Amino acid sequence: MAASLSSTQIKLMMAHAQREIEERKRALSNLRDKDPLLASVPQIGMPVALATQALAKKPTPEDADKAKKIAELQAQIRAKLTGNLANLIQQQPTAVAAAAAAAAQQQQERPKPLILDEEGRTVDKSGRAINIPTVTPTLKANIRAKKREVFQRQGTGTEGSSSNSGGGAGGSTGSTHDDGVKYFDDRIALKPTIRNKRTLRFHEPGKFQQLAERMRMKSQLERLQNEISQIARKTGISSATKLALIAPKQDMPDDVPAMEWWDSVILSQDMETLDETSGKISIRQTAISNLIEHPTQMKPPNEPLKPVYLPVFLTKKERKKLRRQNRREAWKEEQEKIRLGLVAPPEPKLRISNLMRVLGTDAVQDPTKIEAHVREQMAKRQKAHEDANNARKLTSEQKSEKKQRKLKEDTSCGVHVSVYRIRDLQDNQSKKFKVETNAKQLQMTGSVALFRDCCVVVVEGGPKQQKKYRRLMLHRIKWEEDVVKGNDGQDVSNSCVLVWEGTSQRRHFGEIKFKIFPMEKMAREFFQKHQVEHYWDLAYSGAVLEASTDQQ
């Protein structure tokens with residue numbers, strides 16, 4: 001339709017529209033002159049900015065009534081008009097209203113201008129002072145902050161006033177300051193009057209990424225180590241390497257003396273001094289004679305000071321004969337004393353069974369009295385027997401002393417030592433208690449080294465003590481009941497092995513104690529400190545060989 005119209009037709013339509021607009025303008029101006037309510041309505045052809053300013057004013061109830069009337073008039077006009085002119089009139093008020101609304105919103109969003117007078121007070125456009133309400137803090141933290149600011153201002157003001165009055169005070173202020181400096185100790189940390197606010201501490205960017213990367217690297221390294229150890233176990237390299245590390249170092253002196261001490265007795269000076277006549281090594285002829293030098297006999301270190309006699313063990317028949325002879329000798333001695341009148345003869349030993357035979361007619365005359373006498377004599381004998389037993393009976397202190405004396409052995413001539421190897425003793429509390437308590441009860445010394453897959457128990461004492469402790473470790477304690485983890489992670493039964501037993505010249509440990517070692521080197525250093533590192537070498541080498549045989 002628009003393409004079929006020619007340019008002349010379009011010009012005619014535009015001219016016709018302009019004439020209609022001019023006619024409507026004149027009609028509206030006539031209506032505005034007649035009705036004062038329409039005077040505030042902007043013209044259709046006026047600029048949009050002017051209409052926006054007119055509509056941006058604050059509406060009142062009167063303006064609302066006027067707007068309603070204007071809307072009714074516009075509706076009547078649109079109803080009377082037809083064609084393009086009606087559409088144009090309908091579009092223009094809509095655009096004007098939208099522009100007016102946008103201008104009003106923008107005006108509301110803008111901050112109100114701040115006007116200050118010469119004294120610094122806030123005033124409005126007419127010059128009247130405006131009281132701006134101050135916001136008082138309600139939170140405890142804000143109230144404390146405000147108090148802190150007031151306190152700091154007061155402190156600053158006090159310092160200023162004191163500095164101003166310092167010139168008048170003169171010597172008194174200076175002396176007070178000097179006293180304060182004199183008695184001030186800067187080593188004592190003073191508490192601040194106001195607690196500082198705790199600040200937030202944020203992590204550095206990338207910190208947790210680095211931790212995660214480190215954990216990944218650690219797990220990867222452990223996985224590689226496990227693979228290498230498995231390959232080494234299969235080939236047998238690991239056991240050979242450990243055994244090579246265990247081998248003790250031979251402390252051999254590098255330098256050989258030019259002359260031994262036994263040669264220095266007969267040599268004139270040294271090995272390089274030669275005799276002029278013979279051309280051989282010079283020897284002191286006076287040191288050599290036809291006498292034979294016998295070394296002084298020394299007592300062996302293991303021989304006791306007092307001679308030890310073996311006890312004589314008698315047969316049962318010989319023991320009875322000896323007892324019979326001793327009792328007969330004692331009876332003869334007692335009879336001799338009675339015959340000489342030194343001791344009163346004992347009363348006849350009366351019993352209910354021999355009452356009539358011993359007393360005869362006396363028993364018939366007053367049997368009740370005689371029976372009471374016999375029973376009194378029997379009670380007296382019983383009491384004497386019990387008193388003798390109580391006199392021979394040991395007290396509790398004597399019993400414990402006797403028990404300790406039986407357990408205690410003489411180790412002055414040598415100490416018997418036993419070394420036991422246990423697969424795992426770290427997590428078994430009941431077994432640890434038995435090992436420690438029995439050693440203390442038997443008055444044995446030693447130490448227990450706890451290391452993974454190799455726990456070494458060293459005990460020192462006499463032969464009887466070692467016999468009792470050996471039975472405890474190898475028979476009484478059931479080590480096979482416990483299941484422990486091996487080197488390859490498999491479950492294996494626990495075990496206890498007697499590695500070595502022998503004698504030593506002295507004790508190397510004190511009261512038995514447990515020592516935990518995370519590294520093999522630390523365990524060997526502990527035994528080396530007590531000069532018995534060969535105990536550890538022997539036990540650990542056995543553990544390494546046992547682990548290699550278990551894997552095969």
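In this text, all values refer to a predicted model and were calculated from it rather than measured experimentally. (Residues numbered from 1 in each chain as written. Predicted model: local features only at pLDDT ≥ 70, side-chain atom pairs only at ≥ 80, totals over all residues. Heavy atoms only, no water.)

Visitor: I'd like to hear about the overall build of the protein, residue by residue, with values.
Guide: Tallying secondary structure elements over the protein gives 18 helices and 9 strands in all. A total of 552 residues make up the protein; the buried ones form 18% of that total. (Helix = DSSP H or I, 4+ residues; strand = E, 2+ residues; numbered from the N terminus. Buried < 20%, exposed > 50% of the residue type's maximum accessible area, 1.4 Å probe, protein only.)

Visitor: Before we move on, can you summarise the environment of Ser447 with the specific residues and values?
Guide: Structurally, Ser447 can be placed in strand β4 (residues 445-450). For Ser447, a relative accessible area of 3% gives the class buried. In this view, Ser447 contacts Val456, Val457, Val458, Phe509, Ile512, Lys513, Lys515 and Phe526; residues no more than four positions away in its chain are not counted. (Contact = heavy atoms within 4.5 Å.)

Visitor: Report on the pattern of salt bridges, specifying residues and quantitative values.
Guide: Scanning the model with the defined rule gives 13 salt bridges in all. Here Lys431 and Asp482 are joined by a salt bridge, their closest N and O atoms 3.4 Å apart. Placement of Lys431 in helix α15 (residues 429-441) and of Asp482 in the loop between α16 (463-476) and β6 (483-485) is noted, with a sequence separation of 51 residues between them. For Lys431, a relative accessible area of 7% corresponds to the buried category. Its salt-bridge partner being Asp491, residue Lys485 comes within 3.1 Å of it at the nearest N-O pair. Like Asp491, Lys485 is exposed. Salt bridges sharing common partners tie together Arg421, Arg423 and Glu546. (Salt bridge = Lys/Arg side-chain N within 4 Å of Asp/Glu carboxyl O.)

Visitor: Describe the sheet that holds strand β3 (residues 415-422), naming the residues involved and giving the relevant values.
Guide: Ordered in space as β8-β3-β5-β4-β9, the 5 strands form an open sheet in which the pairing is mixed. Either end of the sheet is taken by a strand with one partner, and the two such strands are β8 (496-504) and β9 (514-516). Strand-to-strand twist of the sheet, defined as the mean angle between neighbouring strand axes without regard to direction, takes the value 15 degrees. Here β4 runs beside strand β5 (residues 455-461); their pairing, made up of 5 bridges, is antiparallel. Considered in β5, the bridge of Thr445 is made with Glu460. (Pairing = 2+ DSSP bridges. Axes fitted to C-alpha atoms, helices over the stretch in contact; angles between N-to-C directions.)

Visitor: Outline the side chain of Lys432, listing residues and values.
Guide: Assignment of secondary structure puts Lys432 in helix α15. Buried charge without a partner: Lys432 forms no salt bridge, and the closest opposite charge is Asp427, 7.2 Å away. Leave out the neighbours within four places in its chain, and Lys432 touches Leu425, Gln426, Leu450 and Phe514. (Lys, Arg positive; Asp, Glu negative; His and termini not counted.)

Visitor: An account of the packing of aromatic side chains is needed here, citing residue identities and associated values.
Guide: If you walk through the whole model with that rule in mind, you get 11 aromatic pairs. When the centroid spacing of 6.3 Å and the interplanar angle of 80 degrees are considered together, the rings of Phe509 and Phe527 count as edge-to-face. Of the two residues, Phe509 sits in the loop between β8 and β9 while Phe527 sits in helix α17 (residues 520-529), which places them 18 residues apart along the sequence. Residue Phe509 shares its accessibility class with Phe527, and that shared class is buried. Aromatic ring contacts, followed pair by pair, group Phe451, Phe509, Phe517, Phe526, Phe527, Trp536 and Tyr540 into a single cluster. Between Lys432 and the ring centre of Phe514, over which it is positioned, the NZ or CZ distance is 5.3 Å. (Phe/Tyr/Trp six-rings, centres within 6.5 Å; stacked < 30°, edge-to-face > 60°. Lys NZ or Arg CZ within 6 Å of the ring centre and 35° of its normal.)

Visitor: How would you explain the nonpolar core if you had to name every residue and give the values?
Guide: If you look at the biggest cluster of nonpolar residues, it comprises 20 residues, and the most contacted ones within it are Ile422, Val435, Val457, Tyr469, Met473 and Trp479. Mapped onto this core, the elements with two or more residues apiece are β3, α15, β4, β5 and α16. Those residues in contact with Trp479 that lie beyond four places of it in its chain are Ile422, Leu425, Lys431, Val435, Met473, Asn494, Ser495 and Cys496. Grouped together as the second largest cluster of nonpolar side chains are 19 residues, Val419, Cys454, Tyr535 and Val544 included. (Core = buried A, V, L, I, M, F, W, Y, C linked by side-chain atoms within 4.5 Å.)

Visitor: Describe in detail the confidence of the model for the protein, supporting the description with residues and values.
Guide: Of the residues in the protein, 76% have a pLDDT of 70 or more, and the chain-wide mean is 79. Every residue in residues 165-173 scores below 50 in pLDDT, and together they form 0 contacts with partners more than four places removed in sequence or on other chains. (pLDDT = per-residue confidence, 0-100.)

Visitor: Break down the environment of Thr411 for me, citing the residues and quoting the values.
Guide: Mapped onto the secondary structure, Thr411 falls in the loop between α14 (396-407) and β3. As a C-alpha pair, Thr411 and Gly461 span 50 residues in sequence and 7.1 Å in three-dimensional space. When near neighbours in sequence (up to four residues on either side) are disregarded, Thr411 contacts Gly461, Gly462 and Arg507.

Visitor: Could you give an account of α15, with specific residues and numbers?
Guide: Every α-helix winds through 3.6 residues per turn, so residues three or four apart in the chain are directed the same way. Relative to the 18 Å expected for 13 residues at 1.5 Å per residue, α15 spans 18 Å between its end C-alpha atoms, a close match to the ideal helical length. Listed as buried for α15 are Lys431, Lys432, Val435, Asn438 and Ala439. Buried residues in α15, looked at end-on, bunch into an arc of 150 degrees, giving them a common side. Projecting away from the buried face of α15 at angles above 90 degrees are the exposed residues Gln429 and Phe433. The inward-facing, buried residues of α15 abut β4, β5, α16 and β9. Phi for Gln443, located one or two positions after α15, is positive at around 60 degrees. (Expected span 1.5 Å × (residues − 1). Arc of directions from axis to C-beta.)

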